[in-house]
Amino acid sequence: MPEVDERILVESKDAEGITESEVSNNAGRLLNVNMLLDTVKDKETRWNKNIRIDDWQEKAFVSGDVDVSVYGRVVEEKQIYTKSSDDEGGENIEKEESVEEIEISKVGNNASRETESRNETISKTVDKVESINSVDDFHKRPSVKPEGVDEGYYSISEDKKKADNFLKLKLESEEILRKEALDRLASDNFKKGHKLFYYPEIVEPDQDIEIFFNRSFSTLKFEPDVIIMGAFNDWKWKSFAINLSKTQLNGDWWSCKVYVPREAYKIDFVFYNGNDVYENNDEQDFCITVEGGMDGFDFENFLLEEKRKEQEEVMRRKAERERQVEEQRRIEAEIVESEADRAQAKEEVAKRRGMLQELLKDAVTSFVNVWHIEPTEFGANDRVRLYYNRSSGPLSHAKEIWVHGGHNHWKDGRSIVSKLIKSESKDGDWCCADVVVPDQAVVLDWVFADGPPGQAVVYDNNHLQDFHAIVPKSIPGELYWVEEEQQIYKNLQAERRLREEALRAKAEKTVRLKEETKERTLKTFLLSQKHIIYTDPIDVHAGSTVTVFYNPANTVLKGKSEIWLRCSFNRWTHRMGLLPPQKMIPIENGSHLKATVKVPLDAYMMDFVFSEREDGGIFDNKNGMDYHVPVFGGVVKEPPMHIVHIAVEMAPIAKVGGLGDVVTSLSRAVQDMNHNVDIILPKYDCLKHSNVKDLQFHKSYFWGGTEIKVWTGKVEGVSVYFLEPQNGLFWVGCIYGRANDGERFGFFCHAALEFLLQSGFHPDIIHCHDWSSAPVAWLFKEHYMHYGLSKARVVFTIHNLEFGANLIRKAMEFSDKATTVSPTYTQEVSGNSAVAPYLFKFHGILNGIDPDIWDPYNDKFLPVPYTSENVVEGKRAAKEALQERLGLEKSDLPLVGIITRLTHQKGIHLIKHAIWRTLERSGQVVLLGSAPDPRIQNDFLSLANQLHSSHGHRANLCLTYDEPLSHLIYAGADFILVPSIFEPCGLTQLTAMRYGSIPVVRKTGGLYDTVFDVDHDLERAQACGLEPNGFNFDGADGAGVDYALNRAISAWYDGREWFDSLCKRVMEQDWSWNRPALDYLELYHSARK
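Criteria and thresholds
Residues numbered from 1 in each chain as written. Predicted model: local features only at pLDDT ≥ 70, side-chain atom pairs only at ≥ 80, totals over all residues. Heavy atoms only, no water. Helix = DSSP H or I, 4+ residues; strand = E, 2+ residues; numbered from the N terminus. Buried < 20%, exposed > 50% of the residue type's maximum accessible area, 1.4 Å probe, protein only. Pairing = 2+ DSSP bridges. Axes fitted to C-alpha atoms, helices over the stretch in contact; angles between N-to-C directions. Contact = heavy atoms within 4.5 Å. Expected span 1.5 Å × (residues − 1). Polar contact = N/O pair within 3.5 Å; in protein donor to acceptor, adjacent residues only side chain to side chain. Disulfide = S-S within 2.5 Å. Phe/Tyr/Trp six-rings, centres within 6.5 Å; stacked < 30°, edge-to-face > 60°. Lys NZ or Arg CZ within 6 Å of the ring centre and 35° of its normal.

I'd love a proper account of the environment of asparagine 740, names of residues and values included.
In this structure, asparagine 740 sits in the loop between strand 42 (718-725) and helix 7 (741-758). Its relative accessible area of 29% is what places asparagine 740 among the partly exposed residues. For the pair asparagine 740 and leucine 729, spaced eleven residues apart in sequence, the C-alpha to C-alpha distance is 9.1 Å.

Which residues make up the sheet that holds strand 52 (residues 1031-1033), and what values do they have?
On the basis of which strands lie adjacent, the open sheet formed by six strands has the order 49-48-47-50-51-52 and parallel pairing. Two strands in the sheet have a free side with no partner beyond their single neighbour: strand 49 (955-958) and strand 52. Shown here is a sheet whose adjacent strand axes are inclined to one another by a mean of 15°, direction ignored. The strands touched by helix 12 (residues 871-886) are strand 47 (895-899), strand 48 (924-928) and strand 49; relative to strand 48, the strand with the most contacts, the crossing angle is about 75°. Lying over the sheet, helix 14 (residues 934-951) contacts strand 48 and strand 49, oriented at roughly 155° with respect to strand 49.

Which residues make up the pairing of strand 35 (residues 605-613), and what values go with them?
Across the nine residues of strand 35, eight count as buried, placing the element largely inside the fold. Of the strand pairs in this sheet, strand 31 (residues 564-569) and strand 35 are connected by six bridges, and their pairing is antiparallel. Across the sheet, residue arginine 566 finds its bridge partner in strand 35, namely valine 609. Both strand 35 and strand 37 (residues 627-632) contribute to a ladder of four bridges, which runs antiparallel. Paired with methionine 605 across the bridge in strand 37 is proline 630. When strand 35 meets strand 36 (residues 616-620), the two strands line up antiparallel, connected through three bridges. Paired with serine 611 across the bridge in strand 36 is phenylalanine 619.

Lay out the sheet that holds strand 9 (residues 196-199) with the relevant residues and their values.
The four strands lie next to each other as 9-10-14-13, forming an open sheet whose pairing is antiparallel. Edge positions in the open sheet fall to strand 9 and strand 13 (245-246), since each of these has one partner strand only. When strand 13 meets strand 14 (residues 253-260), the two strands line up antiparallel, connected through two bridges. Of the residues in strand 14, the one forming a bridge with lysine 246 is tryptophan 254.

Lay out helix 19 (residues 1038-1054) in plain terms, naming residues and giving numbers.
End to end, helix 19 covers 23 Å across 17 residues, agreeing with the expected 24 Å (1.5 Å per residue, within 8%). Those residues of helix 19 not exposed but buried are Gly1038, Gly1040, Val1041, Asp1042, Ala1044, Leu1045, Arg1047, Ala1048, Ile1049, Ala1051 and Trp1052.

I'd like to hear about the side chain of asparagine 233, residue by residue, with values.
Summarising the element assignment, asparagine 233 is placed in the loop between strand 11 (227-232) and strand 12 (237-243). Reaching out from asparagine 233, the side chain makes a polar contact with the backbone nitrogen of tyrosine 265 at a distance of 2.8 Å. When near neighbours in sequence (up to four residues on either side) are disregarded, asparagine 233 contacts Glu263, Ala264, Tyr265, Lys266, Asp268 and Phe299.

Before we move on, can you summarise the state of the cysteines with the specific residues and values?
By definition, a disulfide is the covalent link that joins the sulfur atoms of two cysteine residues. Applying the stated criterion across every chain, the model contains zero disulfides. Just so you know, cysteine 749 is unpaired, no disulfide at all, and the nearest cysteine sulfur is the one on cysteine 768, 7.5 Å from it. The class for cysteine 749 is buried, based on a relative accessible area of 0%.

I'd like a rundown of the packing of aromatic side chains, residues and numbers included.
Tallied over the full model, the rule gives 42 aromatic pairs. Measuring from ring centre to ring centre gives 5.8 Å for tyrosine 736 and phenylalanine 745, while their planes differ by 70°; the resulting arrangement is edge-to-face. Taken together, the ring pairs connect Tyr684, Phe730, Tyr736, Phe745, Phe748 and Trp771 into an aromatic cluster. Its guanidinium or amino end placed over the ring of tyrosine 387, lysine 426 lies 5.0 Å from that ring's centre, counting from NZ or CZ. The ring of tyrosine 857 carries lysine 506 above its face, with NZ or CZ at 5.2 Å from the centroid.

So, in structure tokens, the structure goes:
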């Protein structure tokens, strides 16, 4: 017999010689320890024993659960393991001490006053429990009985019967104990006048509980139906409604079971009659605390994670719907295109049939004394001999005779080339050549010449008619034309699909390049403040933990002994509020301090300020802007702002200068960042209506005794409201230039605010521009913010301080934030009386260029599209096209381009000097531009004539404006010169870099902020997250221009490989509105604080 190892778990103090009476005594001892069994909690005693029989490698597992629960008190006994050996015929029992764990719950003062009758009931219950224990003990012994095993083992069937009896008794015991507990709870709560109780008394997640409601104590005491209506976690999770049933408990107790989900930390509920009578605990609702599960914060994160999953599913479904719509659109378009291809194939076949008929009229099989073919009957792919009488035409004295031939009206070009030799079989001056008739040839076409292709000089082409011969055996029948149509159709489809694939690939690459540029720009934006603050990782994701690094040495907190981080999320509006101040600790080998922050799942922005003490003191809040770092992947997105631009210019429909470009491009860029943007513009009679999409009448309103009609439309994808006062102020054929411009635009500003008010608009930001819409600032603050537009904040931008200084001064006073178009220009005008008092709210933000308009990869005016990957090839092709168009010498020389208005502001004396200096350095120069001053225009006309006479092959001045030519100059030039005396921002140098041309500029305004000298500005460029990208100079004389221009041209001559890499570098820098839009959004949010 194999050795049997067994572990037997019994609920007893002593396992040796166990008898039923001993088990009973043991249970009685445990009960005597707890005189108040009616206060014992529910707790499970679990066991698991493993019986291993080595010889047969079989395992028997027996497990059971006993849940002894009396009035909420828990009795738990440790396990005693018994090992027996049949070989020794005896029992060797190892005993372990029994550990009793007793938890007494609070049940009230009446727990000690139990009656004698209850003791009698308890005694009966104990008997039941002990009986269960005896059965359970017996049940736990080995039950495997192989043949030949000692009769001391019980059969499996007998053991199963015992197990069934055990479970039955266990359930009966539990029910008895439950009933006792419910009777007690019902009695106690009824005496106290409580409306409800629940069982078990300790509620945990993932279990069923019973809720008991005393109808007689409530507003529902006369109602026949009682329903519980509730949810979990402050009514945020999984609502339920369950009918209650009348119980057998003493008192008017009704009950139902409720499942408590794993996510619950609280149950909220009320009772009602199914109609309009409620019991809601005096409007406080009922609630039960759930213990041992989530807390409120964990549940909020759980909800956010669920929301994230829901959003992902919504996005997945949306993407699938879009894919299906796109697929359906593609199928429909394919059907239309296929039908068009079929129609074109039919048309082409009809055309060929007609041409063939015409050819057959002229085609013959021979021409007397000129040519003939043998044999006279032949077909496609046959070898024939062509005879020619050389004396019959202009080749009579030619040393050689060649045939150049094709077929079917030269359909496939030249397909027959052969040298003729003198014929031995014919008299006279005949020569011949053997040729193979091309496949599908119906008519042969040829001429004779005195040499092979490329070398022939004299031809006999039948007086410009060519020679034609019928292929007698190949006259096509109807089947041929059917097959021909099908082949043409297939070819058209293949060609179209290739075109479509090329266009699709190009569009996808364009999108990818734009996204990559945006990503680089955002990273540059985040790193631009690295000398003060940055995070690790740089890209902060919701739900992650990040380290914040701060360098007080570069702030107002320099030298402070302590630095405290104050942080929140979502622009200080997050549900968690402001996090507790956190003292930052130094990092090794650096001046930065650090602190760790847990980013919640519903964050879209991190917000920081820093202080010298925990309780405040001096703050670094970035001059009122605060520090912000975007958070990616959050389940909550930043709510969109509503921005309204009130302006008098907008490109391309009403553009005079850079203001119009800014209004359009900034609006598009901010709209692309998921904000809502509208533009209000006068409806000039000179608008370029062709650039307005869906223009339609919107409404009329009255202000100032005048009817104002409002029109709506889309310009470059942005919503525009056009105001047309019926007093004719904007029916004058121009934007500027009238004596009453101040009156016209003042009326417009007032009318625009009135439109917002009467239309019920409540924008977050009203953005006005230059002197022409400056009145918006004070009209809003003095009037309209008190009439109902109180939500808005006013932002004012100065594009050029040269005009309307008084109006600008007043707008600066009343605006919440003010900007100009570059940081350096901000400094240059800081002493101006119009802005000096308001520097605390005055910010410099660079303009950008529109990357869709200025895109060398999709520019229809360029011969070869290019990106930074093929910039050298693209610019070479553009330079050759530019040289050809302007009549310049086609040679590899440095080419300087100048695109400008010819005014004193643009440094016209420096432009003239640069032209001559470039020519002295053997370069080429191209100028495109005109002068509003006739004297300057005439001066440059004289210069153009002089250069045409002396350097016509290397210089060309185009004194007008030519949009296609400007694109070609940006692409074909090696350098773009911008020597402005002052330049608030400047777009020319930005466009030049977009096309891989190197800017040569004077250090002023936006030119200084965007062009970093390759020899001197490495550190300044790196501080902006950039690399050097051009050449610049100080001063306003010829020496300054020479210093920059000479270095630029020398670099081109001396290091072409380095120069080409510089072109690639500047192309990869982002000078679009991506970065300015981020800066403006920060400004808008700051204005709203």
